[in-house]
Amino acid sequence: YLPAQNAEYHIKDFAQYFAYAGPVMLAIVLGWALSCVRLHLAERASSGSRINPALLGDLHLMFWGGIGLKVALGSTGLGGLAFFFLLLANLRFISVMGLMILGAPGWRWRAAVVMVLEIVTSAGTGMFHEFVLWSLGLFAVYVFTRRPPLLMFLGWLAVIAAGVFLLNDAKWQLREAMWEGSEKVTVFGKEIEVTSLNRPLVAGLCLVQSGAKAFTGGYDEESLGDMVMRFNQGWIIERILQHVPDEQPYAHGGTVVSAFKSALLPRVFAPNKAIGGGRFLMERYADYTPFEDTSMNVGFAGEMYANFGYWGGIVGCGVYALILGLLFRWAAIRAQTSPLWWAIAAYIGHWALKAETDIGTVLNYIVKAAFVVFVVVMCLPALRAELTGRALPTRKPSKRIRQPKAKPVGAEQVPPPLTTDL
């Protein structure tokens, strides 16, 4: 109904596309549903007890350490260690989500700090995907912990959906100025020069302009068609259906095996392993070469078909969803011990729900993020005790009894001050 302006992005054979995409969607739902069979979770009531200061100290350490790494190393290249430092910097989100779950003082301004930093970084690169994903993660944790009324929840959900739509339109103005070398954007009829310092402000103005276009009829059918094309990856799947196996033979599980190998080996030990971004998969199985600065991928539905064909792709998507669902189930059961497991799940599963990413990228993120969490938890005793439900070891009082010092003769007898255990 709203085709893309460029005919290259059209879905040409709807019957063939929906004959695969429809059963894939059902298989994904079935996989998630099976992972929840006989899953009985008891809602944890707030105990009202004070928060362990040592636990707060661990969460604050993750927050400030993550902020420091993000500021110091966010834009530098560190070769094979770049992804490792990215995961360490992202620990700030576990901290913020954990403080939010615990209801600890200061979680609001910390959440604002991490999101402002994410906005500045996204505006500087022109890539807003991470900002959107972390915003949704924080929103999910907020809804889980604060339980807002239904109407308020639906209202915020509508605002987020509209914001993502408007952001998708606004970011292209900023990208054209940054990537095409013009370094200028036109906002409300005025030309503004884009610099490294004013990019967040310019991005905000572009977003406001996109919102104004929604009320002034600025979105015609052509612009809406291009917008829908960017949100819907169906044209990529349809290209794979047309290209495999007529022009390119099935991979017969090759990319899935490669995904497990890449996830289990760090790049410092396997420098020749697959690089994320999807260019190789797009060129080989979709017969499409993305632009130089474009991150585009076949998605797990397209990758499953490229490996196993029609029925194998449908079953493969169901199994893929079942595996992710079982991981989520594992975290949900652990959350019965401590609700901080929800923050861990949001951190490790950050890329797991992205439909347009290849399986190797998702597995690589899950495995490496889980390893980082394991090491960090082993190094932070209070956080480890909270997640395992064990009490922190307390120091035994010394058996030696100190004798009170003799008071000078004539000293005023003053009762000892009252103390409050804070």
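Our structure's up above, just so we're on the same page.
Residues numbered from 1 in each chain as written. Predicted model: local features only at pLDDT ≥ 70, side-chain atom pairs only at ≥ 80, totals over all residues. Heavy atoms only, no water.

S.K.: Would you mind showing me how to read the overall build of the protein here?
M.R.: In terms of helices and strands, the protein carries 16 helices and two strands. Within the protein, the proportion of its 422 residues that are buried is 40%. Sequence-distant contacts in the protein: of pairs separated by 6 or more residues, those separated by 24 or more amount to 72%. Summed over its atoms, the accessible surface of the protein is roughly 24700 Å², and 65% of this surface lies on carbon and sulfur atoms. (Helix = DSSP H or I, 4+ residues; strand = E, 2+ residues; numbered from the N terminus. Buried < 20%, exposed > 50% of the residue type's maximum accessible area, 1.4 Å probe, protein only. Contact = heavy atoms within 4.5 Å. Areas by Shrake-Rupley, 256 points an atom, 1.4 Å probe, with all protein chains shown as cover.)

S.K.: Just to check I follow, could you spell out the environment of Leu 91 for this structure?
M.R.: Within the secondary structure, Leu 91 is located in helix H4 (residues 91-102). In the structure, Leu 91 is positioned 278 residues away from Ala 369 in sequence and 9.5 Å away in space, judged by C-alpha atoms. Ignoring any residue separated from it by four or fewer positions in sequence, one finds Leu 91 in contact with Met 62, Tyr 347, Val 372 and Val 376.

S.K.: How should I be thinking about the nonpolar core in this particular structure?
M.R.: Residues Tyr 20 and Tyr 347 are the most contacted members of the largest nonpolar core, which totals 103 residues. The leading source of residues in this core is helix H13 (residues 299-334), at eleven residues. With sequence-adjacent residues up to four places away left out, Tyr 347 is seen in contact with Leu 87, Leu 88, Asn 90, Leu 91, Ile 94, Trp 134, Tyr 365, Ala 369, Val 372 and Val 373. (Core = buried A, V, L, I, M, F, W, Y, C linked by side-chain atoms within 4.5 Å.)

S.K.: In this structure, what is going on with the side chain of Asn 297? I would like to understand it.
M.R.: Structurally, Asn 297 is set in the loop between helix H12 (279-285) and H13. The exposure class of Asn 297 is buried, given its relative accessible area of 8%.

S.K.: Any chance you could explain the pattern of salt bridges here in plain terms?
M.R.: Here the idea is simple: oppositely charged side chains can pair when their charged atoms come close. Inspection of the entire model under this criterion finds five salt bridges. Between Glu 191 and Lys 184 there is a salt bridge whose closest N-O contact spans 3.8 Å. (Salt bridge = Lys/Arg side-chain N within 4 Å of Asp/Glu carboxyl O.)

S.K.: Just checking my understanding: could you explain the pairing of strand E2 (residues 190-193) for this structure?
M.R.: Consecutive residues of a regular strand have side chains that alternate between opposite faces of the sheet. Pairing analysis gives four bridges linking strand E1 (residues 184-187) to E2, with the strands arranged antiparallel. Of the residues in E2, the one forming a bridge with Thr 186 is Glu 191. Counted along the chain from E1 to the antiparallel partner E2, the turn is two residues long, and its residue Phe 188 has a positive phi close to 50 degrees. (Pairing = 2+ DSSP bridges.)

S.K.: I'm lost on helix H10 (residues 234-243) in this one. Help?
M.R.: Spacing of three or four residues puts side chains on the same side of an α-helix, whose turn is 3.6 residues. Most of H10 sits out of view: nine of its ten residues are buried. By the burial criterion, the buried members of H10 are Gly 234, Trp 235, Ile 236, Ile 237, Glu 238, Arg 239, Ile 240, Leu 241 and His 243.

S.K.: Sorry, what's going on with the packing of H4 against helix H5 (residues 107-125) here?
M.R.: Angle between the axes and distance between the axes: these two values describe a pair of packed helices. It is at 9 Å that the axes of H4 and H5 come closest, and there the two elements cross at 150 degrees. The orientation of H4 relative to H5 falls into the category roughly antiparallel. At the point where H4 passes H5, the crossing takes the left-handed sense. Between H4, through Arg 92, Phe 93, Val 96, Leu 99 and Met 100, and H5, the contact on the second element is made entirely by Trp 107, Arg 110, Ala 111, Val 114, Met 115, Leu 117 and Glu 118. For the contact of H4 with H5, the per-class residue count stands at nine nonpolar, no polar and three charged. (Axes fitted to C-alpha atoms, helices over the stretch in contact; angles between N-to-C directions. Parallel < 35°, antiparallel > 145°, perpendicular 65-115°, else oblique. Left-handed = near helix turned anticlockwise from the far one by under 90°. Nonpolar A, V, L, I, M, F, W, Y, C, P; charged D, E, K, R; others polar.)

S.K.: Teacher, can you tell me more about the packing of H5 against helix H8 (residues 199-216) here?
M.R.: One can describe the packing of H5 onto H8 by two numbers: an axis separation of 8 Å at closest approach and a directional angle of 85 degrees. When the interaxial angle is binned, H5 and H8 end up roughly perpendicular. In contact with Val 120, Ala 123 and Gly 124 of H5, H8 contributes Arg 199, Pro 200 and Ala 203. Looking at the contact of H5 with H8 residue by residue, the class counts come to four nonpolar, one polar and one charged.

S.K.: Just checking my understanding: could you explain the environment of Phe 139 for this structure?
M.R.: Secondary-structure assignment places Phe 139 in helix H6 (residues 129-146). Look at Phe 139 and you get buried, because its relative accessible area is 14%. Once residues within four sequence positions are removed from consideration, Phe 139 is found in contact with Phe 153, Trp 156, Leu 157 and Ile 160.

S.K.: What exactly am I supposed to notice about a nonpolar patch on the surface here?
M.R.: Among the surface-exposed residues, Leu 150, Leu 151, Leu 154 and Leu 157 lie close enough to one another that they form a single nonpolar patch of about 430 Å² accessible area. Summarising the element assignment, Leu 151 is placed in helix H7 (residues 150-179). Under the relative-accessibility criterion, Leu 151 is labelled exposed at 72%. (Patch = residues over 30% accessible without salt bridge, like charges linked within 9 Å, V, L, I, M, F, W, Y side chains within 5 Å.)

S.K.: It is not clear to me how unusual backbone geometry should be interpreted in this structure. Could you clarify?
M.R.: Excluding glycine, most residues fall at negative phi; most peptide bonds, likewise, are trans. Omega for the bond connecting Val 244 with Pro 245 falls within 30 degrees of zero, at 5 degrees, which places this linkage in the cis form. Mapped onto the fold, Pro 245 is located in the loop between H10 and helix H11 (254-264). Notably, His 252 is not glycine yet its phi reads approximately 55 degrees, a positive angle. Mapped onto the secondary structure, His 252 falls in the loop between H10 and H11. Positive phi, close to 55 degrees, is recorded for Asp 287, a residue that is not glycine. Here Asp 287 lies in the loop between H12 and H13.

S.K.: Before we go on, may I ask you to explain the side chain of Glu 118 in this structure?
M.R.: Note that Glu 118 resides in helix H5. When its relative accessible area of 4% is taken as the criterion, Glu 118 is described as buried. Setting aside anything within four residues of it in sequence, one finds Glu 118 in contact with Lys 70, Arg 92, Phe 93, Glu 130, Phe 131 and Trp 134.

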